[in-house]
Amino acid sequence: MRQAMFRTSLRRCGALLSLPLLALAALPAQAQTPSALQDRAHGESALQVQIFLLRHAEAGSGSADPALTEEGRQRAEAIAEQLADVPFEAIYTTDYRRTRETAAPLAEVIGLEPRFYDPRDLRGFAATLAESGGPVLVVGHSNTTPALVALLGGAPGAPIAHDDHDRLYWLDGNRTRRLTAGGIAPLLLGPCEAAGLPAGARCGTYSVPEGGSPQRDIPLRVALLPGGETAAASPMLAVLPGGPGLGGSHVAAGVRQMLGPLTQGRDVLLVDQRGTGGSNPLVCEQGASLGEALLALGRTDVESLAACKEALETRADLTRYTTPLAADDLDRIRQALGEPVLDLFGMSYGSRLALEAMRMHPDGVGVAILRAAAPPAMKLPLFTPRDAQASLDRLIAACAKQAACARAYPDLAGDVGRVLSRLAEGPVTVSVTDPRDGQVEEVAFTHEAFTTSLFFLLYVPELYVHLPRLVHTAAEGDFAPLVGITGPMVASTLGQIAEGLRLSVLCAEDISRIDPASVEEATRGTFFGTMPVRSDMQACEIWPVAQVEPGFFEPVRADTETLIISGGFDPVAGPDWGEAVAEALPNARHIVVPAASHYPPVPRCAAGLARTLLETRTLPEGSDPCADEPAAATIVVPQARAEEARQ
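In this text the structure is predicted, and so the values were computed from the model without any measurement.

A. Fine view of the sheet that holds strand β16 (residues 561–567). Across the sheet, nine strands lie side by side as β7-β8-β9-β11-β10-β12-β13-β16-β17; this open sheet has mixed pairing. The open sheet is flanked by β7 (190–191) and β17 (588–593), the only strands paired with a single partner. Bridge count for strand β8 (residues 202–209) against strand β9 (residues 217–225) is eight bridges, and the pairing is antiparallel. Across the sheet, residue R202 finds its bridge partner in β9, namely L224. Each of β8, β9, β10 (236–240), β11 (268–271) and β12 (342–347) is contacted by helix α10 (residues 323–336), which is oriented at about 125 degrees to β8, the strand it contacts most.

B. Representation of empty space enclosed by the protein in the model. One number sums up the size of the largest cavity: a volume of about 140 Å³. If you go around the largest cavity, you meet 17 residues; those closest to its centre are L240, V271, D272, Q273 and L353. Looking at which element gives the most residues to the lining of the largest cavity, the answer is α10, with three residues. Of the residues assigned to the lining of the largest cavity, the class counts are ten nonpolar, four polar and three charged. The space that makes up the second largest cavity amounts to roughly 50 Å³. The wall of the second largest cavity is formed by A327, L330, D331, R334, L342, L344, A357, H361, G364 and V365. Those elements that provide at least two residues to the lining of the second largest cavity are α10 and β12. Looking at the lining of the second largest cavity, the element that brings in the most residues is α10, giving four residues. Counted by class, the lining of the second largest cavity contains six nonpolar, two polar and two charged residues.

C. Quick look at unusual backbone geometry. In this structure, P244 follows G243 across a cis peptide bond, with omega equal to 0 degrees. When you line up the elements, P244 lands in the loop between β10 and α7 (255–259). Of note, the bond from Y599 into P600 is cis; its omega dihedral lies within 30 degrees of zero at 0 degrees. With a phi angle near 50 degrees, N280 is a residue other than glycine that sits in the positive phi range. Here N280 shows up in the loop between β11 and α8 (290–296). The backbone phi angle of S348 is positive, close to 60 degrees, even though this residue is not glycine. Inspection of the secondary structure puts S348 in the loop between β12 and α11 (349–360).

D. Molecular detail of the pattern of salt bridges. Within this structure, the stated rule accounts for 32 salt bridges. For the salt bridge of D329 with R274, the shortest nitrogen-to-oxygen distance reads 2.6 Å. Of this pair, D329 sits in helix α10 while R274 sits in the loop between β11 and α8, and the two are 55 residues apart along the sequence. Of the residues examined, R274 reaches a relative accessible area of 2% and is grouped as buried. Ionic pairing is found between D331 and R334, a salt bridge with its closest N-O pair at 2.8 Å. With D331 and R334 both in helix α10 and three residues apart, the pair spans about one turn of that helix. A single burial state applies to D331 and to R334, both of which are buried.

E. Representation of the sheet that holds strand β1 (residues 50–55) within the structure. Overall, mixed pairing links the six strands, which are arranged β3-β2-β4-β1-β5-β6 in an open sheet. Among the strands making up the open sheet, the edge pair consists of β3 (115–116) and β6 (175–180). Looking at chain direction, β1 and strand β4 (residues 136–140) are connected through five bridges and run parallel. The residue bridging R55 from the neighbouring strand is G140, located in β4.

F. Molecular detail of the pairing of β4. Most of β4 sits inside the fold, with five of its five residues counted as buried. Side chains of β4 alternate between two faces, with V136, V138 and G140 and L137 and V139 buried alike. Inspection of the sheet shows strand β2 (residues 90–93) paired to β4 by four bridges, in the parallel sense. Bridging across to β4, A90 finds its partner in V136.

G. A look at the state of the cysteines. For the structure shown, the criterion picks out five disulfides. The disulfide that involves C507 links it to C540, with 2.0 Å between the sulfurs. Taking the torsion about the sulfur-sulfur bond, which here is approximately -85 degrees, the covalent link between C507 and C540 counts as left-handed. On the criterion of sequence distance, the pair formed by C507 in helix α19 (residues 499–509) and C540 in helix α21 (residues 531–540) is long-range, its members being 33 residues apart. Judged by its relative accessible area of 1%, C507 is buried. For C605, the disulfide goes to C626, at an S-S distance of 2.0 Å. On the S-S bond that ties C605 to C626, the torsion sits near 100 degrees, and the link is right-handed. Here C605, found in helix α23 (residues 604–616), pairs with C626, found in the loop between α23 and α24 (639–646); they are 21 residues apart in sequence, far enough to count as distant. The buried category is assigned to C626, whose relative accessible area is 1%.

About the criteria used
Residues numbered from 1 in each chain as written. Predicted model: local features only at pLDDT ≥ 70, side-chain atom pairs only at ≥ 80, totals over all residues. Heavy atoms only, no water. Pairing = 2+ DSSP bridges. Helix = DSSP H or I, 4+ residues; strand = E, 2+ residues; numbered from the N terminus. Contact = heavy atoms within 4.5 Å. Axes fitted to C-alpha atoms, helices over the stretch in contact; angles between N-to-C directions. 1 Å grid on protein atoms, 1.4 Å probe; cavity = no way out; pocket = protein on both sides within 12 Å on 5 of 7 lines; lining within 4 Å. Points joined across faces, edges and corners; volume = space filled by probe spheres on them. Nonpolar A, V, L, I, M, F, W, Y, C, P; charged D, E, K, R; others polar. Salt bridge = Lys/Arg side-chain N within 4 Å of Asp/Glu carboxyl O. Buried < 20%, exposed > 50% of the residue type's maximum accessible area, 1.4 Å probe, protein only. Disulfide = S-S within 2.5 Å.

Right under this line is the structure:
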């Protein structure tokens, strides 16, 4: 029963885990003017309540009914290209030459005859629009277009200036989006077809250029989790998961539970980063069985990796899947959704992507929350053995300070050493049930599998509290409890990672900067040793390595209001990394949660501060809300072991 409970917990936690790194000015609240459009928006699919409105393109002067200028005709053609893929039900214009000519190129492309509306009866026309069965386009004037937006319950903003022809309103439910007329095409979201997404989610794909040779497009999968009627008053919260190699859709099912109050009343945006999920995933075949997955840990199968590379190169330029390109993609998605800014929650590797978005597209980022900060300076996984050892040492010290743990496991460091020594002689065979199919399997548990298991247990407070018991039991010769818990977790988690994307990122951004001569010194005295570093270095000898701009490796110094949350037990992205990021950001605050690790995503003591940042757009001064938190979670000692230790 206890192991079943652990497995349920691990499946929930696994969505943001990987090895080695699993890993704006406030928008004004829109007027709550009752409207037929808002009434229809509730509970309906995206394509049923979308209205696009724009002013005519640039027109001449000196006439009561002027034609478009050459600049205006070019804009009209650009608008046709921009909106050609929107499944419009109707196009409406006023009966003036400049509006008719603005609509004409699009009408010809999609085969619709424009309809005329009376600009003197905007209220009646608004009622007609609200009953539309699909997307419609309305071409009007500098005065009629904002007025119509307001009648439909939208937020028109400032009046349209005489020379402003850029504004393209997009009323999507109760959210008013804005595009540039003739600019980037809109991303329309409809019902989701992908499995694992919660009810009510809206999905779509948006093609971006891969940028390699030959020229290809990558269809990025995007999911939006609506936050309810009040969500339009706040920027979307883009959640960037860990890895590298996890897509946003991997965390969709549990993201509101994981982030708690941060998502309340907010639209949550999830993007499958290029190379993950549904965005041309760079997936390498892995061992199908639990035993095969465990045996693969710490080993680079050169032949299999070369075959994976060759297969993926038939559909991807593997040098075009890096963090800066992913940051560009995220900003394209923002623009295609008509959002002025996105708020960012970056978890683990996702914090690196968030930082790069802040560097490259500062005007497109509102505020940011970085959990387990992972800047490029980490040179993953060079310092992972050191950081993981520090986490284990912290746990050993915590055990010594907790009376029950100290009595039950008086030599925890020795227990770890004894298990390492035993496995250095060769693997042990253990029977374990694979939770994916319920099959009992005999697996070979290796030295590499054990060190990886330690690493994973240190990731989550609810797991590290059991590490002393599991290691002590293994030191006494019974590996079944340890393997029964960590084996399935390791296998299932690594199975979620798009290994090709992981290598494309790490080989370019991290491994390429590791001096081979530094590895021994950096990993000396650690339970991992050189294994994770040597393994990835060997893989990158095979994998194509992209050239990343030197500025990528410099600390990010964006003005974005940023909250950084670190866990004291984090074995890969701990407080030192969070502090390094905070020192470079002029408007950052760094909170360390002593007993937390890489998880939970939002520690309870930091949740209020994070929510305040999202709501007020600033980080308040004041005391550390996590300063009085316990130094470590209470380590679990089974009653039988506690009684035995007291004798």
